[in-house]
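Observations on chain architecture
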Amino acid sequence: MALITRGLHGVFFWTKRPNSTITRLLHGENCCRENSMDSKVTQISREDLEELREAFNKIDIDNSGYVSDFELQELFREASFHIPGYKVREIVEKFMAGDTNKDEKISFEEFVAIYQEMRSKEVRETFRKCISRRDGIRSFGGTSKISSEGTQHSYSDEEKVAFVNWINKALADDPDCKHLIPMDPETDSLFKSVKDGILLCKMINLSQSDTIDERVINTKKCTPFTMTENLVLALNSASAIGCTVVNIDAQDMKAGTPHLVLGLLWQIIKIGLFADIEISRNEALIALLDESEDLEHLMSMSPEDLLLRWVNYHLKAAGWEPIRNFSDDIKDSRAYFHLLNQISPKGDVDDEMRIDIDMSGFNERDDERRAELMLKQAERLDCRQFVTPNDVVAGNHKLNMAFVANLFNMYPALNRPASNGIDYTIEGETRETRTFRNWMNSLGVSPHVNHLYSDLHDGLIILQLYERIQVPVNWTRFITMNNSCRYTLKVLSDIGDGEKVSDQVIIDWVNNTLKQGQKDSYINSFKDKSISTSLPVIDLIDTIVPKAIKYEMVKTGELTPEDRLNNAKYAISVARKIGVRVYALPDDLVEVNPKMVMTVFACLMGRGLKKADG
């Protein structure tokens, strides 16, 4: 029987009462439950049985005292151990076949019996490696009414420490965060520090500059209401840059729900780390092109794949073997030593100080000590971030990838190759393309969309999008589609009660609402030049939510290009703050991009009608 106790900081921890059967097993007694274990269990040594108990407890992520097929699959999925999918299924099926009483869950006794049947050394070693990845995982009770009430979730202490240290450094000089920074990585202060929304807003702007107009953030004497405003602004802005925020609300952040806070922060941090690992933004990446490869293929690669190729590019120059991943292949730190030595400044550029990497730690016999010596060299480059020696030795994929991405951003050590008659013309991603891509990713489609056109070629993402906007999809049939996506489909459907809503309906509603609010603004179409000032949008927001706009921050009269851009930034940020999920960019308003302008007004109309109905 399981007991639940309250641990430090209000986190719930589970403990189990001693099981008499297991106690007798540890003493080598034959105490097998009928039809659940055979006599071979009595041949297990005390040490092996204790190891199996530890393994069982780590797999039992909901602390129920039983293991399900889902939990077994989660074990292998999260372990970052490279094993073919069919082998995972075989192992899981082997375990589930041992469910002797057919209750679709495995007790510890059944677990031991099944494990004894697994004669393959490879399978056993695979299993043990996966189990070892569970170290550092903490469980807690759910609190969110939307996403986690009545459930058990877990989070990684290593990730918490890494994110706290990164945020402390990133926001150290921000005057609006003095009440939050520095946070203590050894406590749960991170989960308390997000509740006023300021930290999240600041981190979003660090990942994608100017996403939020910081004049809109409530930074003085925050009340529960203004904290919620900040959190709504942060979540809608995170969605706009491509973070998945489905089933996360302001209350989750205010409560500091650990797995949701860490999940959102990782998405925000990752977007910032990967922002420049894209060829149209960093043409020096063309140097990674193989001789037999065309540029189009390189441009279609994900940031993670490009990062891996970047590492191997420098390892090849060092005469070292390539790596295949950011987990098993970097555990001994030797690839990192060579990478640091290749990318460190050589002093051959004006005002560049030479930094020589001390390679003496390369031959250190102890893995963890070698990792520490490697990280000391990274520290000399001001790049000791995200990983500890233990994270390196354990092969923590997420944190090692972040460590390498930061190295790339600080010291890419690449030069754009000479053309030599080859056409290296690169067309960057348009704002509209980026908007659509971010919207798709914010809905949690899988796989992640890195490139709008190449990643949508098989139709899988399109089908998922149809489901997200509540269009029925028959997954049993193959459907060929050539549709363009518009994220206002769901909003427009709601506005028209399922019927198509024309542009004129939206325009008429905008003008009528502005008139009711006694505003002077008026639009004739979504191409109206007055939209470039953003005043119609600003006035509409103030009509929908009175006093949401601080007009002293709005520029009127003869406007310079900078004034127009500032008005647009302010309008979009306030729209998100009042709960409107706007994906358009400020430039779309300034340049009066009619398609994107329509989405802004349509979403504001949805918000206005929701208020009228509510």
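One structure accompanies this document, and this report is about it. (Residues numbered from 1 in each chain as written. Predicted model: local features only at pLDDT ≥ 70, side-chain atom pairs only at ≥ 80, totals over all residues. Heavy atoms only, no water.)

**A few points about unusual backbone geometry**
Of the consecutive residues isoleucine 181 and proline 182, the connecting peptide bond is found in the cis state with omega at 5°. Mapped onto the elements, proline 182 comes out in the loop between helix H7 (157–170) and helix H8 (189–193). Backbone geometry places alanine 413, a non-glycine residue, at a positive phi of 50°. Relative to the assigned elements, alanine 413 resides in the loop between helix H18 (397–410) and helix H19 (431–442). What makes alanine 413 partly exposed here is its relative accessible area of 39%. For glutamine 518, which is not glycine, the phi torsion reads 60° and is therefore positive. Mapping glutamine 518 onto the fold places it in the loop between helix H22 (503–516) and helix H23 (535–544). (Helix = DSSP H or I, 4+ residues; strand = E, 2+ residues; numbered from the N terminus. Buried < 20%, exposed > 50% of the residue type's maximum accessible area, 1.4 Å probe, protein only.)

**Here we look at the side chain of serine 189**
As for its position among the elements, serine 189 is in helix H8. Taking relative accessible area as the criterion, serine 189 reaches 18% and is therefore assigned buried. Within the structure, serine 189 has its side chain in polar contact with the backbone nitrogen of aspartate 184 (distance 3.2 Å). With residues up to four places along the chain from it excluded, the contact list for serine 189 reads Met183 and Asp184. (Polar contact = N/O pair within 3.5 Å; in protein donor to acceptor, adjacent residues only side chain to side chain. Contact = heavy atoms within 4.5 Å.)

**Describing the packing of helix H14 (residues 303–317) against H18**
Where H14 contacts H18, the two axes come as close as 10 Å, and the packing angle between them is 65°. In terms of axis orientation, H14 runs roughly perpendicular to H18. Crossing handedness for the pair H14 and H18: left-handed. Here Glu304, Leu307, Trp310 and Val311 of H14 come into contact with H18, specifically with His397, Met401, Val404, Ala405, Leu407 and Phe408. Class assignment for the residues of the contact of H14 with H18 results in 8 nonpolar, 1 polar and 1 charged. (Axes fitted to C-alpha atoms, helices over the stretch in contact; angles between N-to-C directions. Parallel < 35°, antiparallel > 145°, perpendicular 65-115°, else oblique. Left-handed = near helix turned anticlockwise from the far one by under 90°. Nonpolar A, V, L, I, M, F, W, Y, C, P; charged D, E, K, R; others polar.)

**Some details on the environment of valine 393**
By the element assignment, valine 393 lies in helix H17 (residues 389–394). Placed 63 residues apart in sequence, valine 393 and isoleucine 330 show a C-alpha to C-alpha distance of 7.8 Å.

**A short note on H23**
With 9 of 10 residues buried, H23 is to be regarded as a mostly interior element. Of the residues making up H23, those classed as buried are Pro536, Val537, Ile538, Asp539, Leu540, Ile541, Asp542, Thr543 and Ile544.

**Some thoughts on the pattern of salt bridges**
Enumeration according to the criterion identifies 21 salt bridges in this entry. The salt bridge partner of lysine 202 is aspartate 176, with a shortest N-O separation of 2.9 Å. Placement of the pair is lysine 202 in helix H9 (residues 198–207) and aspartate 176 in the loop between H7 and H8, with a sequence separation of 26 residues. On the basis of relative accessibility, which here comes to 4%, the residue lysine 202 falls in the buried class. Given a relative accessible area of 24%, aspartate 176 falls into the partly exposed group. Taking the shortest distance from any N to any O, the salt bridge between aspartate 276 and arginine 281 comes out at 3.6 Å. Arginine 281 sits in the exposed class, given a relative accessible area of 52%. (Salt bridge = Lys/Arg side-chain N within 4 Å of Asp/Glu carboxyl O.)

**A few points about the state of the cysteines**
Enumeration over the complete set of coordinates arrives at 0 disulfides. Cysteine 177 carries a free sulfur, and the closest cysteine sulfur to it, the one in cysteine 201, is 9.7 Å from it. For cysteine 177, a relative accessible area of 0% corresponds to the buried category. (Disulfide = S-S within 2.5 Å.)

**Some details on helix H10 (residues 224–240)**
For H10, built from 17 residues, the straight-helix expectation of 24 Å at 1.5 Å per residue is met to within 8% by its first-to-last C-alpha distance of 24 Å. Judged by how many residues are buried, H10 sits mostly within the fold: 12 of 17 residues are covered. Among the residues of H10, Thr226, Met227, Asn230, Leu231, Leu233, Ala234, Leu235, Asn236, Ser237, Ala238, Ser239 and Ala240 are the ones counted as buried. Summarising the contacts, the buried residues of H10 are in contact with H9, helix H11 (250–254), helix H12 (258–274), H19 and helix H24 (561–577). Note on H10: the residue one or two positions beyond its end, glycine 242, has a positive phi of about 105°. (Expected span 1.5 Å × (residues − 1).)

**A word on the packing of aromatic side chains**
One pair of aromatic rings is described through two measures. These are the centre distance and the angle between the planes. Enumeration according to the criterion identifies 7 aromatic pairs in this entry. On the numbers, 5.5 Å between centres and 80° between planes, the contact of tryptophan 320 with phenylalanine 362 is edge-to-face. One end of the pair, tryptophan 320, is in the loop between H14 and helix H15 (334–343); the other, phenylalanine 362, is in the loop between H15 and helix H16 (367–380), with 42 residues separating them in the sequence. Its relative accessible area of 28% is what places tryptophan 320 among the partly exposed residues. With 5.1 Å between their ring centres and 70° between their planes, tyrosine 336 and phenylalanine 403 make a pair best called edge-to-face. (Phe/Tyr/Trp six-rings, centres within 6.5 Å; stacked < 30°, edge-to-face > 60°.)

**As for the packing of H9 against H12**
Where H9 contacts H12, the two axes come as close as 8 Å, and the packing angle between them is 25°. Classified by the angle their axes make, H9 and H12 are roughly parallel. Touching Leu199, Leu200, Met203, Ile204 and Ser207 of H9 are Leu264, Leu265, Ile268, Ile269 and Gly272, all from H12. Class assignment of the residues belonging to the contact of H9 with H12 gives a composition of 8 nonpolar, 2 polar and no charged.

**Looking at the nonpolar core**
Leu307, Trp310, Phe403 and Phe601 are the most contacted members of the largest nonpolar core, which totals 131 residues. Examining the composition of this core, we find that 10 residues originate from one element, H12, more than from any other. For leucine 307, the contacting residues outside a window of four places in its chain are Phe274, Ile277, Phe326, Met401, Val404, Ala405 and Phe408. Among the nonpolar cores identified, the runner-up in size contains 13 residues, and Phe436, Trp439, Leu465 and Ile469 belong to it. (Core = buried A, V, L, I, M, F, W, Y, C linked by side-chain atoms within 4.5 Å.)

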